[in-house]
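# Coordinate inspection notes
Given next are the chains, with one letter for each unit.
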Amino acid sequence: MSSKDWIEKDFYAVLGVDKAASADDIKKAYRKLARESHPDHNPGDPKAEERFKAASEAYNVLSDTGRRREYDELRSLFGSGAFRRNARGGGQPGGMPFDVSDMFGGAGGGDRRFGGAGFQDLFSSIFSGGQAGGQAAPRGPARGRDVETEVALDFGDAVRGVTLPLTLRAPGVCETCHGNGAKPGTQPRTCPVCHGAGVTTRDQGAFSFSEPCRNCQGVGTVVEEKCPECHGTGGVTKTRTMNVRFPAGVADGQRIRLAGRGEPGERGGPAGDLFVHVKVRPDELFGRTGDDLTLSVPVTFAEAVLGTDLRVPTLDGAVTLRVPPGTPSGRVLRARGKGVVRRDGQAGDLLVTLDVVVPARLSDEARAALEAFAEQSPPAAREHLDARVRRVS
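Residues numbered from 1 in each chain as written. Predicted model: local features only at pLDDT ≥ 70, side-chain atom pairs only at ≥ 80, totals over all residues. Heavy atoms only, no water.

## Let's talk about the overall build of the protein
Summing up its helical and strand segments, the protein has eleven helices and 17 strands in all. Evaluated residue by residue, the protein yields a buried proportion of 37% over its 393 residues. Considering only contacts within the protein whose residues lie at least 6 apart along the sequence, 61% involve residues at least 24 apart. Split by element, the accessible area of the protein, about 23100 Å² in all, is 50% carbon and sulfur. (Helix = DSSP H or I, 4+ residues; strand = E, 2+ residues; numbered from the N terminus. Buried < 20%, exposed > 50% of the residue type's maximum accessible area, 1.4 Å probe, protein only. Contact = heavy atoms within 4.5 Å. Areas by Shrake-Rupley, 256 points an atom, 1.4 Å probe, with all protein chains shown as cover.)

## Focus: the sheet that holds strand β12 (residues 287-289)
Pairing between sheet strands relies on hydrogen bonds along the backbone, with the strands arranged either parallel or antiparallel. What the four strands build is an open sheet, ordered β12-β13-β17-β16; its pairing is mixed. Here the strands that pair on one side only, and so sit at the sheet edges, are β12 and β16 (332-335). Between one strand and the next, the sheet's axes are offset by a mean angle of 35 degrees, whatever the strand orientation. (Pairing = 2+ DSSP bridges. Axes fitted to C-alpha atoms, helices over the stretch in contact; angles between N-to-C directions.)

## Overview of the pairing of strand β11 (residues 274-280)
Across the seven residues that make up β11, a large majority, six, are buried. Bridge analysis of strand β3 (residues 147-153) against β11 gives seven bridges, and the strand direction is parallel. Paired with alanine 152 across the two strands is lysine 279, which belongs to β11. Bridge count between strand β10 (residues 255-258) and β11: four bridges; the pairing is antiparallel. Of the residues in β11, the one forming a bridge with isoleucine 256 is valine 276.

## Digging into the sheet that holds β10
Spatially, three strands are ordered β3-β11-β10 in an open sheet, and the strand pairing comes out mixed. Since the sheet does not close on itself, it has two edges, and those belong to β3 and β10, each with one partner. Strand-to-strand twist in this sheet, taken as the mean axis angle between neighbours without regard to direction, amounts to 25 degrees.

## Overview of the pattern of salt bridges
Within the structure shown, the criterion is met by 16 salt bridges. Measuring nitrogen to oxygen at the nearest pair gives 3.1 Å for the salt bridge that ties glutamate 57 to lysine 9. Here glutamate 57 is found in helix α4 (residues 46-62), whereas its partner lysine 9 is found in the loop between α1 (3-8) and α2 (11-15), with 48 residues between them in sequence. Using a relative accessible area of 30% as the deciding quantity, one classes lysine 9 as partly exposed. The shortest N-O distance in the salt bridge between aspartate 146 and arginine 143 comes to 3.0 Å. Looking at aspartate 146, the relative accessible area reads 16%, which means it is buried. What makes arginine 143 partly exposed here is its relative accessible area of 45%. Several salt bridges converge on common partners, so that one network encompasses Arg143, Asp146, Arg257 and Asp273. (Salt bridge = Lys/Arg side-chain N within 4 Å of Asp/Glu carboxyl O.)

## Quick word on the side chain of threonine 314
Looking at the secondary structure, you find threonine 314 in strand β14 (residues 308-314). A polar contact is formed between the side chain of threonine 314 and the side chain of aspartate 316, at a distance of 2.9 Å. The contact partners of threonine 314, leaving out residues within four places of it in the chain, are Phe286, Val319, Lys338 and Leu350. (Polar contact = N/O pair within 3.5 Å; in protein donor to acceptor, adjacent residues only side chain to side chain.)

## Some thoughts on the packing of aromatic side chains
Inspection of every chain in the model, using the stated rule, returns four aromatic pairs. Taken together, a centroid distance of 6.1 Å and an interplanar angle of 45 degrees make the contact between tyrosine 12 and tyrosine 71 tilted. With a gap of 59 residues between them, tyrosine 12 in helix α2 and tyrosine 71 in helix α5 (residues 65-79) connect regions that are remote in the sequence. For the pair shown, tyrosine 12 and tyrosine 71 are each scored as buried. Among the aromatic residues, those joined into a cluster by ring pairs are Phe11, Tyr12 and Tyr71. The ring centre of phenylalanine 275 lies 4.1 Å from the NZ or CZ of arginine 255, which sits over that ring. (Phe/Tyr/Trp six-rings, centres within 6.5 Å; stacked < 30°, edge-to-face > 60°. Lys NZ or Arg CZ within 6 Å of the ring centre and 35° of its normal.)

## Topic: the state of the cysteines
Throughout the structure, instances matching the rule amount to zero disulfides. Between cysteine 177, a cysteine without a disulfide, and cysteine 230, which holds the nearest cysteine sulfur, the sulfur-to-sulfur distance is 3.6 Å. (Disulfide = S-S within 2.5 Å.)

## A short note on a nonpolar patch on the surface
Together, Phe301, Val305, Leu306, Leu362, Leu370 and Phe373 make up a nonpolar patch on the protein surface, roughly 520 Å² of accessible area in all. Those elements that place two or more of their residues in the nonpolar patch are α9 (301-306) and α10 (364-376). As for its placement among the helices and strands, valine 305 is situated in helix α9. (Patch = residues over 30% accessible without salt bridge, like charges linked within 9 Å, V, L, I, M, F, W, Y side chains within 5 Å.)

## As for the nonpolar core
With 38 residues, the main nonpolar core has Leu153, Leu166, Phe246, Leu274, Val276, Val312 and Val352 as its most contacted residues. Beyond its immediate stretch of four places on either side in the chain, leucine 166 contacts Thr149, Val151, Arg240, Thr241, Met242, Val244, Leu274 and Val276. In this structure, Ala21, Ile26, Ala58 and Val61 belong to the second largest nonpolar core, which totals 16 residues. (Core = buried A, V, L, I, M, F, W, Y, C linked by side-chain atoms within 4.5 Å.)

## Let's talk about helix α3 (residues 23-37)
With 15 residues, α3 extends 21 Å between its outermost C-alpha atoms, agreeing within 8% with the 21 Å of an ideal straight helix rising 1.5 Å per residue. Inspection of α3 places Ile26, Ala29, Tyr30, Arg31, Ala34 and Ser37 among the buried residues, and these make up the whole buried set. (Expected span 1.5 Å × (residues − 1).)

## Regarding the environment of glycine 156
If you trace the backbone, glycine 156 turns up in helix α8 (residues 155-160). Along the primary structure glycine 156 and aspartate 316 are separated by 160 residues, whereas in three dimensions their C-alpha atoms are 9.4 Å apart.

## Describing the confidence of the model for the protein
Reading predicted coordinates in detail is not appropriate for stretches of low pLDDT. Here the protein shows a mean pLDDT of 79. Residues at 70 or above account for 79%. The spread of mean pLDDT over the elements of the protein runs between helix α6 (residues 100-103), the lowest at 40, and β16, the highest at 96. Note on residues 80-138: pLDDT is under 50 here. Beyond four places in sequence and across chains, it has 91 contacts. (pLDDT = per-residue confidence, 0-100.)

Dropping the structure here:
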């Protein structure tokens, strides 16, 4: 992507976010657009595919802190009308009544602050990859776009780790031409217009501007006899299946990056990355807090008062926990090492919360026994509360 593209395209408008949007807001906006316009959800809709590509292009720039800063600076420089044409064809900052050549050491002279490069060279470097004098470095085949998908995992699989086959319908390398876009038996040749640089330079008064070569679309090579399968692009849309390893302890909302498994680059360029967003289905018994698993266990009033041994499940078996006599409702017991296994081999704990169950109905015998117990048991320690009630009464 050239600097000219950055000037002409408003990536914030593409994603529908404000220029001051946070990284999370940008990510949410992109994921929403990607889901709505993904080719798999809109088969045969070229407009949806273009929206998907535009959203991916915008996200690739705005999600990278460094590239976003460069984009904002370049857009601010040109979008504010910082340079305008004067009557002689030269550029003037903000329409000021002086010649810009004076500011940069005069015509033909270089300003020492810019390493002796003239203003034309400085401006040319913006559009030619940072090289003065308009000499652009060869661009070569473009890198493929990143691809995102979402996978739902069972709770137990997320805790233990699992390898699952992932099927995607997305662009892949053409097997007929192996990605170079040329008919088998032929090879792409160097573009005769840009001579392999991928960009062309044109003069406009005091400035030189570089833009992607229109003859080769910025690749630097041209295909005279196109591959009959991919029609010269080097990639085809196809269904592919790959095994993806989800590590033990992967969390809900986590994103896993698979380098080089995204969309292939044009004409043999490096592939993008595949990002897999993980959604973990809730378990009917267990919850999770960091590396600890949580479990709620009901106990009777008698068990809480007298104490008992509880047999509780874990994800890989069962353990026995001792409930001490006089245990209050809400107390947490800990089964060490029965939680999520971390990368260092250590494991979190299973946290068991005791919930004392109060029966809604009692038999006559149970009620009589409970009343006898109440007569013999000490009263609750409510003296501080009773004192406050007497003061406010």
